[in-house]
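Architecture at a glance
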Amino acid sequence: MNSWKLKEIVLMSLFAVVFGIVYLLFLHVGNIWAGFIGPIAYEWIFGIWFIVSIICMYIIRKPGAAVVSETIAAAIEVLLGNAVGPRLILSGVVQGLGAEAVFATTRYKLFDMWVLMLAGVGSSIFSFVYGYFLGGFAVYSTGYVALMFGIRILSGALLAGVGGKAVADGLLATGSLRGYAIARAKKGEASA
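Below: a short report on this structure. Just so it is clear, the model here is predicted, and its values are computed rather than measured. (Residues numbered from 1 in each chain as written. Predicted model: local features only at pLDDT ≥ 70, side-chain atom pairs only at ≥ 80, totals over all residues. Heavy atoms only, no water.)

Let's shift gears to helix H4 (residues 65–79). Here H4 contains 15 residues, and its C-alpha end-to-end distance of 21 Å stays within 8% of the 21 Å for a straight helix at 1.5 Å per residue. Residues of H4 that are buried: Ala-65, Ala-66, Val-67, Ser-69, Glu-70, Ala-73, Ala-74, Ile-76, Glu-77 and Val-78. Residues of H4 that are buried in the fold lie against helix H1 (6–37), helix H3 (51–60) and helix H5 (87–105). (Helix = DSSP H or I, 4+ residues; strand = E, 2+ residues; numbered from the N terminus. Expected span 1.5 Å × (residues − 1). Buried < 20%, exposed > 50% of the residue type's maximum accessible area, 1.4 Å probe, protein only. Contact = heavy atoms within 4.5 Å.)

As a further point, take H1. Its 32 residues place the ends of H1 45 Å apart at the C-alpha level, agreeing with the 46 Å of an ideal helix rising 1.5 Å per residue. Within H1, burial applies to Glu-8, Leu-11, Met-12, Phe-15, Ala-16, Phe-19, Gly-20, Tyr-23, Leu-24, Gly-30 and Ala-34. Tucked into the core, H1 has its buried residues touching helix H2 (40–45), H3, H4 and helix H7 (142–174). Gly-38 sits one or two residues past H1 and shows a positive phi near 90°.

The phi dihedral of Arg-107 is positive, around 60°, even though this residue is not glycine. Its place among the elements puts Arg-107 in the loop between H5 and helix H6 (113–134). Taking relative accessible area as the criterion, Arg-107 reaches 65% and is therefore assigned exposed. The phi angle at Tyr-108 is positive, at roughly 60°, despite the residue not being glycine. Following the sequence through the fold, Tyr-108 ends up in the loop between H5 and H6.

Before going further, it helps to examine the nonpolar core. Formed by 39 residues in total, the largest nonpolar core has its most connected members in Phe-15, Ile-59, Phe-103 and Ile-182. Elements with a contribution of two residues or more to this core: H1, H3, H4, H5, H6, H7 and helix H8 (181–191). The dominant element in this core, judged by the number of residues it contributes, is H3, at nine residues. Excluding its chain neighbours within four sequence positions, the residues that come into contact with Phe-15 are Val-52, Ile-55, Cys-56, Ile-59 and Leu-171. With six residues, the next largest nonpolar core counts Phe-128, Val-145, Met-148 and Ile-151 among its residues. (Core = buried A, V, L, I, M, F, W, Y, C linked by side-chain atoms within 4.5 Å.)

Moving on to the environment of Ala-99. In this structure, Ala-99 sits in helix H5. Assessed through its relative accessible area of 0%, Ala-99 is described here as buried. Setting aside anything within four residues of it in sequence, one finds Ala-99 in contact with Ser-53, Ile-54, Ala-66, Ala-119, Gly-122 and Ser-123.

Tallied over the entire structure, the rule returns three salt bridges. Its salt-bridge partner being Glu-8, residue Lys-62 comes within 2.8 Å of it at the nearest N-O pair. Of this pair, Lys-62 sits in the loop between H3 and H4 while Glu-8 is found in helix H1, placing the two residues 54 residues apart along the sequence. Lys-62 sits in the buried class, given a relative accessible area of 15%. With its nearest N and O atoms 2.6 Å apart, the salt bridge here joins Asp-169 to Lys-165. (Salt bridge = Lys/Arg side-chain N within 4 Å of Asp/Glu carboxyl O.)

What follows concerns a nonpolar patch on the surface. Where nonpolar side chains cluster on the molecular surface, the patch consists of Leu-97, Ile-125, Phe-126, Val-129, Phe-133, Leu-134 and Phe-149 and spans about 630 Å² of accessible area. No other element matches H6, which puts five residues into the nonpolar patch. Its place among the elements puts Val-129 in helix H6. By relative accessible area, Val-129 is classed as partly exposed at 45%. (Patch = residues over 30% accessible without salt bridge, like charges linked within 9 Å, V, L, I, M, F, W, Y side chains within 5 Å. Areas by Shrake-Rupley, 256 points an atom, 1.4 Å probe, with all protein chains shown as cover.)

Following this line, the structure appears as C-alpha cells:
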C-alpha cells in the first residue's frame, strides 16, 4: 500500500464502514426471509456482501483494494454485533480474495461491466467453498446445494458486479470522485 494516496485509503475506509453497516442490516433481512423459505434465502442477497470490494476496486484500481475493503467491512460488522463474531473477518478476507483474484488476472487494467460481474462471481465461488465446509452444506441434497450455488453466482454477478458499478458510476456522475483512478480513466476514454 506504499503507492496509495491518503485520500484513497480514507475513501476505502469510508466505504468499508458504510457497507459494514449495510451488511449487518442485510443479515437481518436474510434472517427474516430464511424463516419463510429456509437457508436458500441468503443466496438471493449474498451479492450485497461482496459489493464494497467491487466498488473500491472500480474506483481506486490498485492491488489490494478489494480484499482490504471487504476485510474492513467485515471487521466493522463484527464490531457492530454480528453474532458470528471474529470468524466473520475471515469470511471478509475470503470474499475479498475472490474479487481480487479476478482483477489480478487482468493485471488490474480492465474494469468493464464483465470484469466487475466476474469479480462478483469470484467472490461467490470463494465464499461458497468456504461456506460449504463451515456452514455444513453437506447435509443438503446435491440438487439443493447446486441451486444455492447457482443463485449465489447470479447474486454476486448482479448485486455486487452490476450494483457496484452503478453505485460507483452514480458517484462519478456527481463529480465527487475527481482525482481518483475511475475519473482519470473516464476522462481518458472521453478524450480518445
